[in-house]
Amino acid sequence: MVVISIEFVARRYHATPWGAHVNEGQIEWPPCPWRILRALIAVGYNKLGWSDGLPTTAKTLFEKLSQSAPAYSLPATWTETHTRHYMPVRDGKAEKKAKVFDAYLRFHEPNSELLVRFDVQLDSDERTALQQLVEALAYLGRAESWVEASLLSDREAKEQNETQEWCLPATDSTNDRTQLLSPVEADQYHEWREAAVATAGDRAERDAVRAAESKSKKASSATIKKARNKAAAQYPADLFTALQTDNSSWQSAGWPRPPGSHWVDYERPQPAAFSIATSFQANPNSLTSTDTLLLAIDGEGKQGNVRPLMKRALPLMELLHAEAVRQTDKLDLGYLPEITGTTADGRPLTGSHNHAHWLPISLFGRGQIDHVLVYAPGKFSEYAIQAVSNIRWAYAKGIKRLSVNLVGEGTLPELINSLPAQHQHAFPHYGGQVFESVTPMVLRKYLSRGKKSVEGQIREELLERGFSEPESIEVWSDQRMVERSLKGHVLQRKKGKPQPRFARSWAATIRFATPQEVAPLSLGYASHFGLGMFRSI
């Protein structure tokens, strides 16, 4: 047997299935045999100098690899996700923007490895040629799917064959299937080509005779031979040539798929996280260095720009948090305090704000929520990241369907520095000395004098969250809040959740004597769900 190991170094796999448009958001998984063999052939021409002369072993190597459908050993866990962007398209003198989907698999484990097993026997020259091709492979699928590949030794292949679970062609009893494009055997291709060339040649000969008769002439043998040769030329000479046929060639001929290919049904693979129940108890040792996740919110409408207003931040943030908790239960990921914000027995965490804050962002400056910052000072575990990345859809008042996609993860400074300059300035959570309200703040305690005044409660919570003693706190007037569109926000959580002491909001400007660390600043009631947000100015 021959086993190829393919590691996705960026933990992503981008590939559109045969017969699907890229904007359908479908993902071909596992990679079809036709794609794998064509990728290896491309490596030969682009990196191993085949353009100057084809190695004698190349043709026999690929004919052997096409003898039977391969088996796959897949990474344990992955998530289907996508991003959307707008590509400028020229229409005469005008420039339009076309929405483009980029669907891909995100692997949750580092060093995610795909094994592809071909049950064939290669001689030493063929094996050497295959090893050179595999080791020079840089990506599989679209160019974003970076890979490092290797050919396993006979001993390693035997060990993997005995220990791994393999995704195989479907049997009659398999209910859940997926179709993968595969090459036919070389002998089958030869038989098919002979019959196809004969049929096409007879058709071309009849057309040549009719064309001559319409001019009251007789078709010469040279004319007939030329017509038959032209008809035969559209069929690649052998399977190896068929594997190299450009898509435009067979599509212009009106064929439904490339010559020399056929569909093979495989068992539809499922990630282990969905099919295997696990019992996992989160602990501090499982936490990553990631404290920030960035979600993109894409709305309805032709341009996808119908999104909820910042005034409805609280219900949307609550919804996303509830969906993350639901994903935690669905995937049976165990107790994740950074997501739930509770103890193992369901009581709210006290004396700490280390769990996730769901904070709305309007990077595009339209007063709409286009991104959500999920920030946990106490860091996220891999399981928590998986739960958040599994959120696909949400809704808001008047909007039935919002697309939600994880588009960034890391530390907060890393994430901010990765943004374009204009968005860094628009980012509502950037360190500095002076901060002003972005969303209205609701007090946690009853309003009174001294420490229970608006200034007193702000000062108390700043110290509680680890900020310095503020130099001054200026509470805004209602008129200023109206001018900054900070009136009319939803100020109460849904029924059954803790409610504010009284549903009135404030806003303020906070000044510190020294710059504060880069960290989100949100204060007051529902500060974990988008209320009481501040940004530096």
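The model shown is predicted, which means the values in this text are computed figures rather than measured ones. (Residues numbered from 1 in each chain as written. Predicted model: local features only at pLDDT ≥ 70, side-chain atom pairs only at ≥ 80, totals over all residues. Heavy atoms only, no water.)

**Considerations on the nonpolar core**
The cut-off we apply is this: For our purposes a nonpolar core is just a set of buried Ala, Val, Leu, Ile, Met, Phe, Trp, Tyr and Cys residues, chained together by side-chain atoms within 4.5 Å. Each residue's exposure class comes from its accessible area (1.4 Å probe, protein chains only) as a fraction of the maximum for that residue type: buried when under 20%, exposed when over 50%, partly exposed otherwise. Helical segments are the DSSP runs of H or I of at least four residues, strand segments are the runs of E of at least two, and each set is numbered from the N terminus. Throughout, a contact is declared for two residues whenever any of their heavy atoms are within 4.5 Å.
Within the largest apolar cluster, 50 residues are counted, with the highest numbers of intra-cluster contacts made by L320, W358, V372 and F380. Elements supplying a minimum of two residues to this core: β10 (292-298), α10 (313-330), β11 (357-361), β12 (371-375), α12 (382-389), β13 (393-396), β14 (399-410) and α13 (412-418). For this core, the element with the most residues is α10, which contributes 6 residues. With residues up to four places along the chain from it excluded, the contact list for L320 reads W358, V372, I391, A394 and V404.

**Comments concerning unusual backbone geometry**
Going from W29 to P30, the amide bond is cis rather than trans, its omega being 0 degrees. The phi dihedral of K379 falls on the positive side, at around 80 degrees, and the residue is not glycine. The topology assignment puts K379 in the loop between β12 and α12.

**Thoughts on the environment of V120**
Tracing the chain through its elements places V120 in the loop between β6 (113-118) and α3 (124-135). Under the relative-accessibility criterion, V120 is labelled buried at 6%. A sequence separation of 64 residues divides V120 from T56, and the C-alpha atoms of the two residues are 19 Å apart.

**A word on the sheet that holds strand β7 (residues 147-151)**
Test applied: Strand pairing is assigned whenever DSSP detects at least two bridges linking the two strands. Geometry is summarised by axes, namely lines fitted to C-alpha atoms with helices restricted to the contacting stretch, and by angles between N-to-C directions that run from 0 to 180 degrees.
Ordered by their spatial adjacency, 4 strands build an open sheet running β3-β6-β1-β7, and the pairing between neighbours is antiparallel. Two strands close off the open sheet at either side, each with one partner strand: β3 (71-73) and β7. Neighbour-to-neighbour, the strand axes of this sheet turn through a mean angle of 20 degrees, independent of strand direction. Both strand β1 (residues 2-8) and β6 contribute to a ladder of 6 bridges, which runs antiparallel.

**Some words on the pairing of β1**
Among the 7 residues of β1, 6 are classified as buried, and the element is accordingly described as predominantly covered. Inspection of the sheet shows β1 paired to β7 by 5 bridges, in the antiparallel sense. Bridge pairing in β7 links F8 to V147.

**Details of the packing of aromatic side chains**
Using the following cut-off: Here a pair means two rings of Phe, Tyr or Trp (six-membered ring of Trp) with centres within 6.5 Å. Their orientation is stacked below 30 degrees between planes, edge-to-face above 60, and tilted elsewhere.
Applying the stated criterion across every chain, the model contains 18 aromatic pairs. Aromatic side chains F62 and F240 sit 5.7 Å apart centroid to centroid with 35 degrees between the ring planes, which places their arrangement in the tilted category. You can see F62 sitting in helix α2 (residues 56-65) and its partner F240 sitting in helix α7 (residues 239-242), a full 178 residues away along the chain. Looking at F240, the relative accessible area reads 4%, which means it is buried. A network of ring pairs unites the aromatic residues F8, Y13, W29, W78 and F107 as a single cluster.

**Things to note about a nonpolar patch on the surface**
To keep things clear, this is the line we draw: Like-charged residues within 9 Å of one another, or nonpolar side chains (Val, Leu, Ile, Met, Phe, Trp, Tyr) within 5 Å, are grouped into patches, provided each residue has over 30% relative accessible area and no salt bridge. Reported accessibility uses the Shrake-Rupley method at a 1.4 Å probe radius. Residues are deemed covered only where the shown protein chains occlude them. The salt bridge definition used is simple: a Lys or Arg side-chain nitrogen within 4 Å of an Asp or Glu carboxyl oxygen.
Taken together, the side chains of V9, Y139 and W146 define a hydrophobic patch exposed on the protein surface, amounting to about 320 Å² of accessible area. Within the element layout of this structure, Y139 appears in the loop between α3 and β7. Residue classification places Y139 among the partly exposed residues on the basis of a relative accessible area of 42%.

**Considering the side chain of S261**
Position of S261 relative to the elements: it lies in strand β9 (residues 261-267). When near neighbours in sequence (up to four residues on either side) are disregarded, S261 contacts W34, L181, S182, P183 and V184.

**A look at the sheet that holds strand β15 (residues 434-437)**
Read from one edge of the open sheet, 5 strands run β16-β17-β15-β19-β18, paired in antiparallel fashion. At either margin of the open sheet sits one strand with a lone partner, and together these are β16 (470-475) and β18 (521-522). Looking at chain direction, β15 and strand β17 (residues 508-512) are connected through 3 bridges and run antiparallel. Opposite E436, over in β17, you have T509 as the bridge partner.

**Things to note about the packing of helix α5 (residues 186-213) against helix α6 (residues 221-233)**
Stated formally: In what follows, roughly perpendicular refers to angles from 65 to 115 degrees, roughly parallel to angles under 35, roughly antiparallel to angles over 145, and oblique to any angle outside these ranges. Left-handed describes a crossing whose near helix is turned anticlockwise from the far helix through less than a right angle; right-handed describes the clockwise counterpart. Amino acids outside the nonpolar list (Ala, Val, Leu, Ile, Met, Phe, Trp, Tyr, Cys, Pro) and the charged list (Asp, Glu, Lys, Arg) are all regarded as polar, and Gly is one of them.
Contact geometry for α5 and α6: axes closest at 8 Å, N-to-C directions at 140 degrees. Taken together, the axes of α5 and α6 lie oblique to each other. Handedness of the crossing formed by α5 with α6: right-handed. Residues R193, V197, A198, A200, G201, D202, A204, E205, A208 and V209 of α5 form the contact with α6, whose own contacting residues are I224, A227, R228, A231 and A232. Each residue belonging to the contact of α5 with α6 can be placed in one class, and the counts come to 10 nonpolar, 1 polar and 4 charged.

**Some remarks on the pattern of salt bridges**
In total, this model carries 25 salt bridges according to the counting rule given. Between R459 and E469 there is a salt bridge, with its nearest N and O atoms 2.7 Å apart. With a gap of 10 residues between them, R459 in helix α15 (residues 454-464) and E469 in the loop between α15 and β16 connect regions that are remote in the sequence. Judged by its relative accessible area of 27%, R459 is partly exposed. For E469, a relative accessible area of 44% gives the class partly exposed. Members of the salt-bridge network, linked through shared partners, are R444, E461, E464 and R465.

**Focus: α10**
In plain terms, the rule: A helix is expected to span 1.5 Å for every residue after the first.
The end-to-end C-alpha distance of α10 is 25 Å, a good match for the 26 Å that 18 residues give at a rise of 1.5 Å each. Burial in α10 covers these residues: A313, L314, L316, M317, E318, L320, H321, E323, A324, Q327 and T328. Looking one or two residues past α10, D332 carries a phi angle of roughly 55 degrees, positive in sign.

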